[in-house]
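# Coordinates in review
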Amino acid sequence: AAGMDDYLGKPVRAESLYAMLEKHLSPNGGGAGHPPPRPAPSFQPTDTARPAVPAAAPSPRPTGCPVTLERLQSVTAGNEQLQSELISIFLGDMRRRIRALRDAMESNDEPRQRLEAHTIKGSSANIGAEAMNALAAAMESHIPNGRLDQAIALLGDLEAEFQRVTDFLRESFG
C-alpha cells in the first residue's frame, strides 16, 4: 500500500529508529528482510526537554561545555561511527545554514529566514548544542513577529556560538 505506514517523531533517537526498522523489516512486522543489528547503549538517556525561550529573552551568554554529550550519545545510541558522521554532517550543514540565514536577512526574505532559523534550531538540538538551539529559537520567534532587528542582533551571537561548538567538537572528536 502506498502512503505513510508509521511515524517517527523528532528528535530522532537511535533506539527509536532501530525499533521502527526492526518492526518494518522483520518478517512478522510486515517488512521484507532483516533488521540491522541494534547497538547496545552504554548509558541512560537523559530528559532533554528544554524550557521555551521567551520572546524578549536576552541573548544567552554561554559558559562551560557547548555540547551536551549525553544528548549526542542519546541520538546515536553511543555508536562512535554514527557520532562521527553526525558531527561531520552537522558542521558542514551549519556552516551553510548560517551563511544562508545571513543572506536571507540581508535580502529581507522572511520565509527563508524562518526556514533557516528553524533548521538550525533542530539540528543544534539533535547534536546537543543547547546555546545554539536557544539562539536559533529566539531568532525564529522574532522573525514572524516583526522583530527582525532583534533576530539580526542575535546572528552574531549564533555565529560565535557555532564557532565554540565547532572548536569543541573538533577537539573532542577529531
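Heads up: the structure comes first, above all this text.
Quick notes on the rules
- Residues numbered from 1 in each chain as written.
- Predicted model: local features only at pLDDT ≥ 70, side-chain atom pairs only at ≥ 80, totals over all residues.
- Heavy atoms only, no water.
- Salt bridge = Lys/Arg side-chain N within 4 Å of Asp/Glu carboxyl O.
- Helix = DSSP H or I, 4+ residues; strand = E, 2+ residues; numbered from the N terminus.
- Buried < 20%, exposed > 50% of the residue type's maximum accessible area, 1.4 Å probe, protein only.
- Axes fitted to C-alpha atoms, helices over the stretch in contact; angles between N-to-C directions.
- Parallel < 35°, antiparallel > 145°, perpendicular 65-115°, else oblique.
- Left-handed = near helix turned anticlockwise from the far one by under 90°.
- Contact = heavy atoms within 4.5 Å.
- Nonpolar A, V, L, I, M, F, W, Y, C, P; charged D, E, K, R; others polar.

If you walk through the whole model with that rule in mind, you get seven salt bridges. Among the ionic pairs, E116 bridges to R112, the shortest N-O distance being 2.5 Å. Linking E116 with R112, this pair stays in helix α4 (residues 110-127), spanning four residues, or about one helical turn. Take E116: its relative accessible area is 1%, and that puts it in the buried class. In this structure, the salt-bridge partner of K121 is E140, at a minimum N-O distance of 2.7 Å. Taken as a pair, K121 in helix α4 and E140 in helix α5 (residues 130-142) lie far apart in primary sequence, 19 residues in all. Residue class for E140 comes out buried when judged on its relative accessible area of 18%. Ionic contacts of the salt-bridge type, sharing partners, join the residues D93, R97, R112 and E116 into one network.

With that settled, consider unusual backbone geometry. Even without being glycine, A77 reaches a positive phi, approximately 55 degrees. In this fold, A77 is placed in the loop between α2 (69-76) and α3 (80-106). Residue A77 is classed as buried on the basis of its relative accessible area, which comes to 4%. With phi around 55 degrees, N108 is a residue other than glycine that occupies positive phi space. Along the chain, N108 turns up in the loop between α3 and α4. A residue is classified by how much of its surface remains accessible, and N108, at 56% relative accessible area, is exposed.

Right, let's get into the packing of α5 against helix α6 (residues 148-173). Two elements in contact, α5 and α6, have axes separated by 9 Å at closest approach and are oriented at 165 degrees. Here α5 is positioned roughly antiparallel relative to α6, judged by the angle of their axes. The handedness of the crossing between α5 and α6 is left-handed. Here A131, M132, L135, A136, A138, M139 and H142 of α5 lie close against α6, whose contacting residues are L148, Q150, A151, L154, L155, D157, L158, E161, F162 and V165. Among the residues making up the contact of α5 with α6, the classes are represented as 13 nonpolar, two polar and two charged.

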